[in-house]
Amino acid sequence: MLNNIQEFYNILPLVIIGGLILISVVIEIYWDNSEKFLPWFSIIGFLSAGIYALIDVSNTSIIFQNMLATGGVVNIFWLIFNVSAAIVCLLSVNYIKKYGAYYGEYYIIIQTSVLGMMLMAGAKDLIMIFLGLEIMSISFYVLAGFNRKLSSANEASLKYFLLGAFATGFLVYGIALIYGKATTTSIDVISSNFSALSGNVLFLAGVLLFLIGFSFKIAAFPFHMWVPDVYQGSPTTVAGLFSTAGKAAGFSALIVTFGALFGGAYSHLFTPYLSAIAVFSMLFGSIVAIIQTDIKRMLAYSSIAHAGYMLIGLASGNIDGVAGIIFYLAAYTFMNLAAFGIVSIVEGKDETNLDLDSYAGLGTRSPFLAGLFALIMFALAGIPPFAGFFGKYYVFIAAIKANLTWLAIVGIISSAISIYFYLRIVVIMYFKSSESEDKPSYLNSEIIAVIISVALIIILGLVPGSFIDLITSFLK
Amino acid sequence: MENSLLLTYLLLIPFIGSIALLFIKAEKENLIRYFGLGISVIAFLLSLVIYFNFDPSNSSFQFVHKFKWIENLNINYFVGIDGMALLLLVLTTFLTPLTLISSWTSINKKVKEFTFFMLFLELGMLGVFVSLDLFLFYFFWEAMLIPMYFIIGIWGGQERIYAAVKFFIYTMAGSLVMLVAIIWLAIHASNYLGKFTTDLVELYSVAPLFDLSIQNYLFIAFALSFAIKVPLFPFHTWLPDAHVQAPTAGSVILAGVLLKMGTYGLLRYNLPLFPAASLHFASFMSTLAVIGIIYGALVAMVQTDMKKLVAYSSVAHLGFVVLGIFAMTQESMQGAIIQMINHGLSTGALFLLVGMLYERTHTREISYYGGIAKLVPVYSFFLLLVSLSSIGLPGLNGFVGEFLILLGSFKSTVLNSWWYTVFATTGVIFAAVYLLWMYKRVVFGKVVNPKLNDLTDLNKREIFVLVPIIIFIVWIGIYPGTFLNVSEKTSDKIIERVFEPPKVELK
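Heads up: these notes are all about the structure in this document.

Thresholds applied
Residues numbered from 1 in each chain as written. Chains lettered and ligands numbered in written order. Predicted model: local features only at pLDDT ≥ 70, side-chain atom pairs only at ≥ 80, totals over all residues. Heavy atoms only, no water. Helix = DSSP H or I, 4+ residues; strand = E, 2+ residues; numbered from the N terminus. Expected span 1.5 Å × (residues − 1). Buried < 20%, exposed > 50% of the residue type's maximum accessible area, 1.4 Å probe, protein only. Axes fitted to C-alpha atoms, helices over the stretch in contact; angles between N-to-C directions. Parallel < 35°, antiparallel > 145°, perpendicular 65-115°, else oblique. Left-handed = near helix turned anticlockwise from the far one by under 90°. Contact = heavy atoms within 4.5 Å. Nonpolar A, V, L, I, M, F, W, Y, C, P; charged D, E, K, R; others polar. 1 Å grid on protein atoms, 1.4 Å probe; cavity = no way out; pocket = protein on both sides within 12 Å on 5 of 7 lines; lining within 4 Å. Points joined across faces, edges and corners; volume = space filled by probe spheres on them. Salt bridge = Lys/Arg side-chain N within 4 Å of Asp/Glu carboxyl O.

## As for helix α19 (residues 405–431) of chain A
Structurally, the α-helix is built with 3.6 residues per turn, so residues lying three or four positions apart point the same way.
And then number 1: Its 27 residues place the ends of α19 of chain A 37 Å apart at the C-alpha level, agreeing with the 39 Å of an ideal helix rising 1.5 Å per residue.
And then number 2: Counting buried residues along α19 of chain A, 21 of its 27 residues qualify, which places the element largely inside the surrounding structure.

## Focus on the packing of helix α3 (residues 83–102) of chain B against helix α19 (residues 460–478) of chain B
All names here are of chain B.
And then number 1: At their nearest, the axes of α3 and α19 sit 9 Å apart, and the two run at 155 degrees to each other. Classed by the angle they form, the pair α3 and α19 counts as roughly antiparallel. As α3 packs across α19, the resulting crossing turns out to be left-handed. Residues F94, L95, L98, I101 and S102 of α3 touch α19, and the partners they reach there are R461, F464, V465, P468, I469 and F472.
And then number 2: Split into classes, the residues belonging to the contact of α3 with α19 amount to nine nonpolar, one polar and one charged.

## Here's the deal with the layout of surface pockets
And then number 1: Its volume calculated, the largest pocket comes out at about 1,800 Å³.
And then number 2: If you go around the largest pocket, you meet 46 residues; those closest to its centre are L375 of chain A together with I19, L22, F116 and F120 of chain B.
And then number 3: Elements supplying a minimum of two residues to the lining of the largest pocket: α17 (367–381) and α20 (444–462) of chain A together with α1 (6–21), β1 (62–70), α4 (111–130), α5 (134–143) and α6 (145–155) of chain B.
And then number 4: Among the residues forming the lining of the largest pocket, the class breakdown is 37 nonpolar, five polar and four charged.

## Some remarks on the pattern of salt bridges
And then number 1: Taken as a whole and assessed by the stated rule, the structure comprises 12 salt bridges over all chains.
And then number 2: Put simply, K401 of chain A and D320 of chain A hold a salt bridge, and the shortest N to O gap is 3.6 Å. In this pair, K401 of chain A is assigned in helix α18 (residues 387–401) and D320 of chain A in helix α15 (residues 319–346), connecting sequence segments 81 residues apart.
And then number 3: A relative accessible area of 29% places D320 of chain A in the partly exposed class.
And then number 4: Residue K166 of chain B pairs with D241 of chain B through a salt bridge whose shortest N-O separation is 2.9 Å. Of the two residues, K166 of chain B sits in helix α7 (residues 160–193) while D241 of chain B sits in helix α10 (residues 238–245), which places them 75 residues apart along the sequence.
And then number 5: When its relative accessible area of 21% is taken as the criterion, D241 of chain B is described as partly exposed.

The values are spatial; any link to function lies outside them.
Following this line, the structure appears as structure tokens:
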């Protein structure tokens, strides 16, 4: 129930996306050429929701009988989701035609997934988290298998669905156990009674199961097995969405739930678990990425490693850590979207040109694309002055402040390992020559999407201060 | 007149130049070459303006320019120089145009990219020398890796990819350790300063107050990163690969400037920030340096490839610099600084000369040559002069630096043993052996290889590249005072910071 008109303004981004979905469905039904119109319509919707969320960022409120929070960090997450969805739509215009799945529904399902993410980020209640998560996940299962004629896409979709459903099962079971002891699903009430509840084994088991469910969604070791297969089988642009907005949504829910507990200094309960999965995710992701020969699988393992770096921020359990994660997520979102954007441009018909060797000589064949891709790889490797570096810098500061210097050192070791495979792309593009003279063709819309992402990587890298200030101001 | 914006302008020149270069069509190769040269010459002229406006009698940082960059972490854009940085700054702007001229004909593919990376590299190197904020320093330190990586990887020799990747990962691994140390240092210093800051001048006042154990850890982390860059034995293995595979311009910049960043880092960060740890590790570092001197010389002696020989000689020469730094006397410190410049000039010139020969014959094997003195007398003269300078013949630059270092280390109270000096001095003898032996095998004797008969002597462009370097080689050799004066206050200040660290109670 809305109490006044101000609350309506606060949830306007949600209303915009909801309205966008409804109108898009109608357009899709009555208009034969909807696939030409819907991407642009979606982009306008996403951008207006995202920009409104940014304008309205300082109006914090809790509405719907303590179910949903708006403003502050929530709106920053909404901005990240919407901008990345807009970039994905921009990339998809040409890609889904090439990919052989030229249907308007594609954009509607992206819209529903964004709605789910936005509910997760704003959730104040475990039920709300579950609701948002399911809206997002079911949309993702459909998107993964969007080209139903491709067996690899079917495999990806089914695998994602089965494992995802299993993880959701853990999550629901966890919520049930938490509810059993706490007799409420309200996150605020649980966190204020946490010291009384934390003695109960079943309650803690519930929290652990909850964490496991989300470890799956953020692709952290050892719940990462679906990631490479799903990224490889899904449409490239969709894999970009999974790895950026999807991961950001998972982290937003973790921050919503665990962030509320850090004020009470309960981080010591979770730090061992979070540190352990952070360490394994970083090292496993970085090491296994080295032996990949498929670019999408390589990016999948790199995304596992990045989940590990972000978990350092969560394990630190302080405000710097949370601010660091949010900054990292923003940086990572644009880096990975740009990377998947280039991959989708280079990718040929019928999923060709996806192995690393097809990038050989790109530096000569298409200097502009290669230059952008090299820059993205340096950014992902965490080399200044790009945004990826500051993401790491902030989470490492948080870890050292929390007396977890060893975790920062493991992060450093893993970064050093990861440089090898990011650099390998650059090596292949510039230092190896290829027989083919093919110049990847692209539309303006695609390259603009990549350029926007790269520009954001550079801007966040050169002036990270104002963004991190904005985030921190809402965490205090 | 002291203009605080001069250093910022100096950084902007290669930056704007490299961006503007992107808008020139790649086909206009000559225009690109002249453009790159023009930009680097402007940077050199500006660095001369800075040189003449510098006040050597003032020991504090000059041309300081500071503004807030990342406010919530108290990270500033903070630049300024002292005498040591000034010398290295001028060396950088001096060598860059010369390397561009030297690669006028040898680089003929992707000229645009090459010039872009060279200008970008110059920006990174200048940035490293002028930064007075640890964060800004790290920023440039890393940014500089990318162009060097491409220069080796694209324009290098047969094994260039291996060398480029090794160079990158080696240096990156070292500098990541330094990054953790920087963050840790700043967080620990915030207990004293009350705020998180990476401002070097503020850290100078509190870092020496840390406990010895903390200082030791931080010293090791910083020193590891710098030791890889120097490279100090046993972290030198990337150097021969990178040097041999890099194109001539890359080798010259690598030897001339990049290696100096390691020793510069030791002087700028390790000694003043962690004086107690520096004294604690002085003998250890000096031992590594002496091992490096002898090891580098012995390995250089058995090389069959001229470039590799010069590369290993760098290991030995930089060993002298590190010995000079950790002997911590006024003479040795001055010697170390002047030796950094000397090595940049002499080894840079040696790489240029080897590159010029390689451009003609496409081999660097010593056994291929013999008796070229009659064929290319001008070349032979230059090679002799530069070799002698590298050996340390009195009257040429190398002697001044090595003599001061050996003198200083002999009477050093920190090392307190003349064995370091004894062993280091053998390095001078070995240097004469490997360089003169190479010279003998390449230049003297009869022409055995008939292919050498078409060898052409240096052209005007090549002589034009070498002569400025020779002028400074002789200048420093005969009248080193010009340069020693500039760095005198700096080395005094560093020694003062080591032996009389600030003592303030906890706030």
